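Working through the structure, step by step
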Amino acid sequence: MKEKLKIVTIGGGSSYTPELIEGFIKRYDKLPVTELWLVDIEEGKSKLEITAALARRMLEKANVPIELHTTLDRREALKDADFVTTQMRIGQLDARILDERIPLSHGMLGQETNGAGGLFKGLRTIPVILDICKDIQELCPNAWMINFTNPVGMVTEAVLRYGVHKKVIGLCNVPIGMEEGIADILKTDRKNFFTTFAGLNHMVYANHVYKDGVDVIDEVMGKWGVQSVKNIKAMEWDSNFIKALGVIPCPYHRYFYMAKENLEDELEKYAQHGTRAEQVRQIETELFELYKNPDLAEKPKQLEQRGGAFYSDAACNLICSIYNDTRDVQVVDTMNRGAIGFLGYDQAVEVSCVITKEGPVPMAVGDLPDSVKGLIQQIKSFEIAGAKAAVTGDYYTALMAMMINPLCASQRDARIVLDELLEAHKKYLPQFFGDWKG
Ligand code: G6P
């Protein structure tokens, strides 16, 4: 066991950081972090100072001797790191608001990680993540990058294809949320059943739920009603549809299997009182007011209003299992290596994995029904096109990504929305507008 454990969080000014700190505190006996660096950029400096001050109060109250550092220079932080977590929003919330409002202004779904919005979050994020990979490879080549910057699926695919550092694991809180939903249905705790997951990020399905030696998935499918996450309206599933599907869908599948209802709902919010990103901006303002309170020395409950709640705890859990070679099962985004038969061996998938000190080992979780293979393949093609467009800056590759995605495929609108989003995000897309160092 290493006596010195250094962890770096890029995007340390995030409102989710208190949950990360809480995660390290509660695992300190198993995960003796000695150094924690919170890294951000100039635009996030004031948020970084607020989250770092709260983190220090949390560590002091818990009497946990983690040395906390902050910096705007990630290279300074990365030296000899053991784990690097990445949680950033290139262009901050303003960029997300544009990702949501511009497609909706043309009657197309505008969502953080799906469709046109997801593509543009990927186009902005992937070059930055690949740059971070270069720094990691140079300054801490043995470190694991634990990425929960969205769109996690496209980002993981991009790092596996184009990154110089391959020790990357994508992470999401959706599978944990689904297990909580299954626990509610089975009226038991998560540890009393075993669920297997397979698919892509925000496109993942549960295909087995083992309890007392029996697969009880039929019971769960029959009651999979309104399980969701804070950022997705809990429209009720038709249990007969789910039984016909043959697997349990995740909350994000509502954008595909209830596309029209969701678009109507998003268009109404857009017209009435703003999109999810504008709601989040209000939540963030309230959270940072709370975080400033010098008497606050714990993660406030209000953080659970965010859709990404429990992400950070999942990250701490993953780091702890790698460090201890726990060999427990967690759902992460990693190279497929044959686990999901109908997807490419070296493609990024979201799947149940055994977590070892060598990293995630995907499990052979069994097949998925034909009813879902087509959609998964389509979204994988979208992720591949998006990743390629992000690293090439090629207009027609970006247009192809739009046309592949069922949530934005149409010759006229796809091109109009693509052009408007490119223009709106010009500052963050040098690869499309010249002076791209590649
Ligand atoms: C989720 C997803 C995250 C996403 C978040 C959005 O549950 O797993 O990937 O970023 O919700 O939540 P927000 O509160 O930002 O709308």
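This text goes with the structure placed above it.
We now turn to the structure provided with this report. (Residues numbered from 1 in each chain as written. Predicted model: local features only at pLDDT ≥ 70, side-chain atom pairs only at ≥ 80, totals over all residues. Heavy atoms only, no water.)

Here the focus is the site of the ligand. Close to the ligand lie 16 residues, the nearest being Arg-96, Asn-173, Arg-276, Arg-306 and Gly-307. A distance of 2.9 Å separates an oxygen atom of the ligand from a polar side-chain atom of Glu-112. The separation between an oxygen atom of the ligand and a polar side-chain atom of Arg-306 is 2.6 Å. For the ligand, whose free accessible area comes to 390 Å², the fraction covered by protein is 98%. Grouping the constituent residues of the shell around the ligand by class yields 6 nonpolar, 6 polar and 4 charged. (Near = heavy atom within 4 Å. Polar contact = N/O pair within 3.5 Å; in protein donor to acceptor, adjacent residues only side chain to side chain. Areas by Shrake-Rupley, 256 points an atom, 1.4 Å probe, with all protein chains shown as cover. Nonpolar A, V, L, I, M, F, W, Y, C, P; charged D, E, K, R; others polar.)

So, on to the state of the cysteines. Enumeration over the complete set of coordinates arrives at 0 disulfides. With no disulfide of its own, Cys-316 has Cys-320 as its nearest cysteine by sulfur position, at a separation of 8.7 Å. The class of Cys-316 is buried, set by a relative accessible area of 0%. Cysteine Cys-353 is unpaired, with the sulfur of Cys-172 as its nearest cysteine sulfur at 14 Å. On the accessibility criterion, Cys-353 (0% relative accessible area) is buried. (Disulfide = S-S within 2.5 Å. Buried < 20%, exposed > 50% of the residue type's maximum accessible area, 1.4 Å probe, protein only.)

Let's shift gears to empty space enclosed by the protein. Summed over the entire model, instances satisfying the criterion amount to 2 cavities of 30 Å³ or more. Along the walls of the largest cavity sit 15 residues, with Thr-113, Asn-114, Asn-201, Ile-379 and Glu-383 positioned nearest its centre. For the lining of the largest cavity, the elements supplying multiple residues, two or more each, are α6 (152–162) and α14 (370–392). Per-class residue counts for the lining of the largest cavity are 7 nonpolar, 7 polar and 1 charged. (1 Å grid on protein atoms, 1.4 Å probe; cavity = no way out; pocket = protein on both sides within 12 Å on 5 of 7 lines; lining within 4 Å. Points joined across faces, edges and corners; volume = space filled by probe spheres on them. Helix = DSSP H or I, 4+ residues; strand = E, 2+ residues; numbered from the N terminus.)

A word on helix α15 (residues 395–404). Every buried residue of α15 is accounted for by Thr-397, Ala-398, Leu-399, Ala-401, Met-402 and Ile-404. Measuring from the side-chain oxygen of the N-cap residue of α15 to the backbone nitrogen of Tyr-396 gives 3.3 Å; that N-cap residue is Asp-394.

Here helix α4 (residues 92–105) is 14 residues long and its end C-alpha atoms lie 21 Å apart, about the 20 Å a rise of 1.5 Å per residue gives. Residues of α4 that are buried include every one of Leu-93, Ala-95, Arg-96, Ile-97, Asp-99, Glu-100, Ile-102, Pro-103 and Leu-104, and no others. Close packing links the buried residues of α4 with α5 (115–139), α11 (259–272), α12 (276–292) and α16 (411–424). (Expected span 1.5 Å × (residues − 1). Contact = heavy atoms within 4.5 Å.)

Our next topic: unusual backbone geometry. Geometrically, the link from Asn-150 to Pro-151 is a cis peptide bond, its omega value of -5° lying close to zero. Within the element layout of this structure, Pro-151 appears in the loop between β5 (144–147) and α6. For Asp-212, which is not glycine, the phi torsion reads 50° and is therefore positive. Assignment of secondary structure puts Asp-212 in the loop between β8 (203–211) and β9 (214–215). With a relative accessible area of 68%, Asp-212 lands in the exposed category. One non-glycine residue, Arg-327, lies in positive phi territory at about 65°. Positionally, Arg-327 belongs in the loop between α13 (311–324) and β10 (329–335). The exposed category is assigned to Arg-327, whose relative accessible area is 53%.

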